[in-house]
Amino acid sequence: MPGLAVLGLSLMALLGLGSGALCLSRQLRMRGDYILGGLFPLGLAEETELQHRMRPDSITCSRFSTIGLFLVMALKMAVEEINNSSTLLPGLQLGYDLFDTCSEPVVTMKPSLMFLAKVDSCSIAAYCNYTQYQPRVLAVIGPHSSELALITGKFFGFFLMPQVSYGASMDRLSNRETFPSFFRTVPSDRVQLEAMVTLLQYFGWNWVAALGSDDEYGREGLSTFSNLAHARNICIAHESLVLLPQADSLRLGKVQDVLHQVNQSQVKVVVLFASARAVHSLFQYSIHHSLTPKVWVGSEAWLTSDLVMTLPGIHRVGTILGFLQQGARLPEFSHYVENHLALAANPAFCASLDAEQDLEEDVVGPRCPQCDQITLQNLSTGLVQNLSAGQLHHQIFATYAAVYTVAQALHHTLQCSSSSCPTQEPVRPWQLLNTMYNMSFRVRGLELQFNDTGNVAMEYDLKMWVWQSPTPKLHTVGTFNGSLQMQPTHMHWHTEDNQVPVSQCSQECREGQVRRVKGFHSCCYDCVDCKAGSYRQNPDDLTCTQCDQDQWSPERSTRCFPRRPRFLEWGDPAVLLLLLFLGLVLGLVLAALGLFIRHRDSPLVQASGGPLACFGLACLGLVCLSVLLFPGWPGPTSCLAQQPAAHLPLTGCLSTLFLQAAETFVESELPLAWAAWLRGHLRGPWAWLLVLLLILVEVALCAWSLTVFPSKMVMDWRVLPREVLVHCHMHSWVGLALVHVTNATLAFLCFLGTFLVQSQPGHYNRARALTFAMLAYFVTWVSFVPLLTNVQVLYQPAVQMGAILLCALGILAIFHLPKCYLLLWWPELNTPMFFLGQGTRDSTDGGSSGGRDSAQGDHE
């Protein structure tokens, strides 16, 4: 606060005015139209007196608190400003009645009872209805601590007496059912604790110790911090309560054990939510035993306490951080304090105060007996230290604002204007209370408002202790208004090279790793790599997140990638080779077909079936062309057409070969009379009718297969790790078997009808060609089944293409190409005798061709 350092120097100059005692206690009361009660920590009681108290008598507060004096001065300055204002409560005067709490509940109760005494009386009357009851004071300012406010809040709440605290921050005081008349000009501890947790997250401190004083303030703060920390994945390695010095040694030893455990562990940060006296004893023990310096994140209750700041060797505890609420500046406060202390040191001014008799002292005792024992000589040192450090700014403003809240509420209750107030009427506390609910007010240009729970929303400053002799100073290194804004360059750490301390049980996992928790704390863990197909979504994840079905990821990934569709493409090397193979086979088929058509009237072609042979070659060409349905993007139509397109023309080809096999069997194995009759039916229209019938049977089986076991286009996400496999899925092996039934039956009959046929010397051996052609068919398709089941799904269409082409090539090469060879290079064998002989079982006709004919009689 500007000017406070100047005040410290001015106090030194005041020493020349005299060295006598200051008459401070007689300045704690002032008359007025409306009286404000005040509870301030002007002194501290002796611990021994509290421990051995056996009677409900008066307690003497012997030790003086300079902070309490400043807070009193803030109230006095606010009241004088209001009384001198022409716009706020014009024409009315506020008075005050201030008492010392000694920071003890037993001391606070007596002035609280006095405030509720009937006006112009020192007693509280019992009534059934207190609506018309007029107590001595209109509202109460204070007390400073939550421990005291928990007691007075319930007491004043019964009478609906407005109570505005300038320091009690426990979240429990926000309960409107328990504390209906409690307000405060400081935020709730929950906001401060949220700021602390945010600070821990900012620096990555997730392995901390948490200590609290063994009182209502510390226990609630520790409980709230534990809940907030757990919600943000911050682990508390050690948690304990710090007892006050008068506690039994057994429990004190427990706290010492915790301190030594923290000292020996990896914990570098300690959250200390405790009262000033508990922190004093804790730091005193830590300094005495030379414990390792830590980062101490402190609560507002002790962060500015002179009891802690003046502790010898305090700089050895480490780095101290904490949050203090912001407020408007009071630049004239230093001058005000200077003037009033000068008056308090003036004997003439003190003598004038003796004439006024303080009737309350007859009942509650002296207001502040220790105040009158203080001299300017021994007061100046503490004031200079506190004022120059500037750590009291937030408490001074909170007290100053508390007075203005009551004044503005009274202004509205009396319906005053900016120039005057109506005729003065008695205002009872409950009437003032109704005005204060959800009231907005301005203090030094700062707009504030009480919410439903009596709290105000204020920003926090992050303060850091900077070690300067004789006491540390508080430097602002950040702000908190729901989010944390830091000034890291202004921070000074106790570590070497001014490095930010690290307080973690385990190091942060690398990218693509998740935590596997060890033990009971989620902050102690091993790092585990995310496998392919999963990724780490957040740094705090305990398990890897699986990618969606249409995505993939490599190992140790932090994201997923979209899958690319994969199918048997036209540019695939396997497809290109098969297309070359297709060109070869199809070229041979077309060449054979053209050669047969050209020599359609020759004995060789006629012996091979004539037009039926050309029809069979044409069907074989269609079989080859059917493989073009397998590569490329598989659509629903292509998936259904693949098998019928391949096997229907194959049935046409095999049916012509079946007629050839049947004719050969009839000529060789049946009597001549039967053979002549059957051969007549195996040629001409009857042959075409049989071919058509066999094709219709295959059509029926294909239709059955497509209806019951249809082949569908599917997208398989499991086969390939980074791609989605798009292929035609065969519903069942039964469906594939159905389309092969006709062809396999024809091939088997052909083989069976020609395998045992005896060759006739001097004639073309048609039976042997058919036998080996059918063997090629069976070898191809029998090998196809295990190969199809073991090859990758991606290349299963290529396997089917290869099987179809090999089957066509086998039939072509074994049965048709030898005939083409004879047509081109052995035209002298293309005779009726060699191909169209009647096949008599004597060898007369067959032997007339001479030696060369006999040599070629076995030619295929």
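Above this note sits the structure.
Residues numbered from 1 in each chain as written. Predicted model: local features only at pLDDT ≥ 70, side-chain atom pairs only at ≥ 80, totals over all residues. Heavy atoms only, no water.

## A look at the sheet that holds strand 13 (residues 318-325)
Part 1 of the reasoning: Read from one edge of the open sheet, eight strands run 10-9-11-12-13-16-17-18, paired in mixed fashion. The open sheet is flanked by strand 10 (235-242) and strand 18 (484-486), the only strands paired with a single partner. The average undirected angle you get between the axes of adjacent strands in this sheet is 25 degrees.
Part 2 of the reasoning: As paired elements, strand 17 (residues 473-480) and strand 18 share three bridges and run antiparallel to each other. Paired with T479 across the two strands is Q485, which belongs to strand 18.
Part 3 of the reasoning: The sheet strands contacting helix 6 (residues 189-203) are strand 9 (207-213), strand 11 (269-273), strand 12 (294-298), strand 13, strand 16 (460-466), strand 17 and strand 18, and the helix crosses strand 11 at an angle near 175 degrees. (Pairing = 2+ DSSP bridges. Helix = DSSP H or I, 4+ residues; strand = E, 2+ residues; numbered from the N terminus. Axes fitted to C-alpha atoms, helices over the stretch in contact; angles between N-to-C directions. Contact = heavy atoms within 4.5 Å.)

## So, empty space enclosed by the protein
Part 1 of the reasoning: Applying the stated criterion across every chain yields a total of four cavities of 30 Å³ or more.
Part 2 of the reasoning: There is about 70 Å³ of room inside the largest cavity.
Part 3 of the reasoning: For the largest cavity, the full set of lining residues is L211, L259, V262, N263, V270, S286, L291, T292, K294 and W296.
Part 4 of the reasoning: For the lining of the largest cavity, the elements supplying multiple residues, two or more each, are helix 8 (249-264) and strand 12.
Part 5 of the reasoning: For the lining of the largest cavity, the element with the most residues is helix 8, which contributes three residues.
Part 6 of the reasoning: Classifying every residue of the lining of the largest cavity gives six nonpolar, three polar and one charged.
Part 7 of the reasoning: Of the pockets and cavities examined, the second largest cavity occupies roughly 50 Å³.
Part 8 of the reasoning: Along the walls of the second largest cavity sit L24, Q27, L28, L42, L69, V72, M73, K76 and C371, which together make up its complete lining. (1 Å grid on protein atoms, 1.4 Å probe; cavity = no way out; pocket = protein on both sides within 12 Å on 5 of 7 lines; lining within 4 Å. Points joined across faces, edges and corners; volume = space filled by probe spheres on them. Nonpolar A, V, L, I, M, F, W, Y, C, P; charged D, E, K, R; others polar.)

## Some remarks on helix 17 (residues 429-436)
Part 1 of the reasoning: Looking at helix 17, one finds that the buried residues are P429, L432, L433 and M436. Down the axis of helix 17, the smallest arc covering the buried residues is 105 degrees, so these residues share one side.
Part 2 of the reasoning: On its buried side, helix 17 packs onto strand 6 (139-141), strand 7 (163-165), strand 8 (182-184) and helix 16 (393-413).
Part 3 of the reasoning: Where helix 17 terminates, the next one or two residues include N438, which has phi positive at roughly 55 degrees. (Buried < 20%, exposed > 50% of the residue type's maximum accessible area, 1.4 Å probe, protein only. Arc of directions from axis to C-beta.)

## Topic: the pattern of salt bridges
Part 1 of the reasoning: Evaluation of the coordinates by the stated rule reveals 18 salt bridges.
Part 2 of the reasoning: Bridged by salt links that share partners, the residues R172, D214, E216, R219 and E220 form one connected network. (Salt bridge = Lys/Arg side-chain N within 4 Å of Asp/Glu carboxyl O.)

## What about the state of the cysteines?
Part 1 of the reasoning: Applying the stated criterion across every chain, the model contains seven disulfides.
Part 2 of the reasoning: Sulfur-sulfur distance for the disulfide between C416 and C421 comes to 2.0 Å. Measuring the twist about the S-S bond at about 110 degrees, one finds the C416-C421 disulfide to be right-handed.
Part 3 of the reasoning: A relative accessible area of 11% means that C416 is categorised as buried.
Part 4 of the reasoning: On the accessibility criterion, C421 (18% relative accessible area) is buried.
Part 5 of the reasoning: Here C547 is linked by a disulfide to C560, with a sulfur-sulfur distance of 1.9 Å. (Disulfide = S-S within 2.5 Å.)

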